[in-house]
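One-letter residues, chain by chain:
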Amino acid sequence: MKTAFLFGSLNRGGTETLLLDVCNTLKSSDFDAVGIYRKTGALEEEFKKSTVPFTKLSINKNPISYIFRLRKFIKSNDIDILHSQQPIDAFLGLIASIGLKKKHVLTFHGFDFDQNKLLVSFIIHRTDLNIFVSNYQKSYYSKKYNLNPEKQTVIYNGINLDKFNIVVQTNSLRNELNLDNTTLLLGMVGNFNQVRDQLTVCRFLKLLNTQQVDFHFIFVGKRDDNNPERFDNCVKYCTDNNLSDNVSFLGKRDDVPSILNQLDAFIYSTEHDTFGIAVVEAMAVGIPVFVNDWDVMKEITEDGSLAILYKTTDESDLLNKFILFLQNNELYNQQALSASEVIKSKYTINNHIENLKQAYNQLNNNHHP
């Protein structure tokens, strides 16, 4: 059984980070895999260094040529399963393998809000298996597209714990930001796009600043060219409310595991995450995590037993929950360490690979169309 992972670009994002961890962890005893991508990206070299061989097949402006080259690759490499990470790649893979009797798997990493609904509706009924990253996401797609339950499954994202077994240079982030050891160091990780709601966090910081708390907050994540106002509005809000000395926008960083290990608490706000890998990584580190009560966050935090939930878009409720943390710091840190053990047993990259392996084997043994 040989699987081909089909990618668009190899840029830095949640999907690519997950698959890079898969490719770095995958052993020959798990399953044989290759990677195909259409566009370059920031993680291209890292993918090429992984245990999975990667091949670039550019689509440019000639999709017909791409389809023929993809078909040739599928045949010459004896691919059994085409596992796409985007509906467009599942569509192209389906066309390229007409008559070849290959299995098609599609993972939905996000919602369909900004996707071609006709494409999604077409391909979601023609794959052999659709994988969703949370039960909430699976329920959303199943109801909207009236899906056959037997062809849908949930495989949680996983994190590579090896990335967090690092020796952090003492106070390296505090030194970078010129912060005292007594300053409370808080942060959020995630690009400024339609998925996240950094502005609610900014409003919370304005309230926190009135409490005379010595804090510094860092936003890790790049400005999205498709939604530049998401970043710009946060910067303007912080400037207008005299928070510039308390808030740093660090942009894209390659040292997120090190950063998480140095935070006193992690604060996150989402609009429509489908899983929330940044939240899981923060919980795995063992620091107190605050996240809004979006249904997916309830799911991955086990209804708030692994993190502190606050009301969505309600910065006042977040402040109230955070003040309790300040007043009971030792207790909250102990709870965070306990939650970390649960996370590190539940959301590992090895568990993710094992679940993929089981799904592939079941698919391979299933002779139904």
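This text gives an overview of the structure that appears in the document. (Residues numbered from 1 in each chain as written. Predicted model: local features only at pLDDT ≥ 70, side-chain atom pairs only at ≥ 80, totals over all residues. Heavy atoms only, no water.)

**What about the pattern of salt bridges?**
When the charged atoms of two side chains lie near each other, side chains of opposite charge can form a pair. Under the criterion given, the structure shown has 16 salt bridges. A salt bridge links E271 to R230, with the shortest nitrogen-to-oxygen separation between them at 3.1 Å. Residue E271 is located in the loop between β11 (265-268) and α11 (277-285), and its partner R230 is located in helix α9 (residues 228-240); the two are separated by 41 residues in the primary sequence. When its relative accessible area of 34% is taken as the criterion, E271 is described as partly exposed. For R230, a relative accessible area of 22% gives the class partly exposed. Through salt bridges that share partners, D21, K163 and E281 make up one connected network. (Salt bridge = Lys/Arg side-chain N within 4 Å of Asp/Glu carboxyl O. Helix = DSSP H or I, 4+ residues; strand = E, 2+ residues; numbered from the N terminus. Buried < 20%, exposed > 50% of the residue type's maximum accessible area, 1.4 Å probe, protein only.)

**Here we look at the sheet that holds strand β6 (residues 129-132)**
As summarised here, the arrangement of the 7 strands in space is β3-β2-β1-β4-β5-β6-β7, forming an open sheet in which the pairing is parallel. Looking along the sheet, the strands with just one partner apiece sit at the ends: β3 (54-56) and β7 (152-154). For this sheet, the mean inter-axis angle between neighbouring strands, taken without regard to orientation, is 25°. Pairing geometry for β6 and β7, over 3 bridges, is parallel. Within β7, the residue paired with I131 across the bridge is T153. Contacting β5 (103-108), β6 and β7, helix α6 (residues 135-145) runs over the sheet at an angle of about 160° to β7. (Pairing = 2+ DSSP bridges. Axes fitted to C-alpha atoms, helices over the stretch in contact; angles between N-to-C directions. Contact = heavy atoms within 4.5 Å.)

**Description of the sheet that holds strand β8 (residues 184-189)**
Ordered in space as β10-β9-β8-β11-β12-β13, the 6 strands form an open sheet in which the pairing is parallel. Edge positions in the sheet fall to β10 (247-251) and β13 (308-310), since each has one partner strand and no second. Strand-to-strand twist in this sheet, taken as the mean axis angle between neighbours without regard to direction, amounts to 25°. As defined by bridge partners, β8 adjoins strand β9 (residues 215-220) across 6 bridges and the pair is classed as parallel. Bridged to L186 within β9 is F217. Against the sheet, helix α13 (residues 315-327) makes contact with β8, β11, β12 (289-292) and β13, and its axis sits at roughly 155° relative to β13, the strand it touches most.

**As for the environment of A42**
Among the secondary structure elements, A42 is positioned in the loop between β2 (32-39) and α2 (44-48). Residue A42 is classed as partly exposed on the basis of its relative accessible area, which comes to 42%. Between the alpha carbons of A42 and S9 there is a distance of 9.0 Å; along the sequence they are 33 residues apart.

**With respect to α11**
The buried count for α11 comes to 9 of 9 residues, which makes it a mostly enclosed element. Residues I277, A278, V279, V280, E281, A282, M283, A284 and V285 constitute the buried set of α11. Elements that come into contact with the buried residues of α11 comprise β8, α10 (256-262), β11, β12, α12 (295-300) and α14 (329-346). The first or second residue beyond α11 is G286, which carries a positive phi of 95°.

**A look at the environment of A265**
Position of A265 relative to the elements: it lies in strand β11. A sequence separation of 79 residues divides A265 from L186, and the C-alpha atoms of the two residues are 5.2 Å apart. Non-local contacts of A265, meaning those with residues more than four positions away in its chain, are made with L185, L186, G187, I287, P288, F290, F322 and F325.

**Remarks on the pairing of β8**
Within β8, 6 of the 6 residues are buried, which leaves it mostly tucked inside the rest of the structure. Covered by surrounding structure in β8 are L184, L186 and M188 together with L185, G187 and V189, the residues of both alternating faces. In this region the chain leaves β8, passes through helix α8 (residues 198-209) and returns to the parallel neighbour β9; the handedness of that crossover is right-handed. In this sheet, β11 lies alongside β8 in parallel orientation, the contact comprising 2 bridges. By the bridge assignment, L186 is partnered in β11 with A265. (Right-handed = clockwise from strand over helix to strand, strands pointing away.)

**Comments concerning the packing of helix α5 (residues 117-124) against α6**
Following both chains from N to C, one finds α5 and α6 inclined at 90°, their axes separated by 11 Å at the closest point. Between α5 and α6, the interaxial angle falls into the category roughly perpendicular. Facing α5, whose interface residues are K117, V120, S121 and I124, α6 presents Y141, K144 and Y145. (Parallel < 35°, antiparallel > 145°, perpendicular 65-115°, else oblique.)

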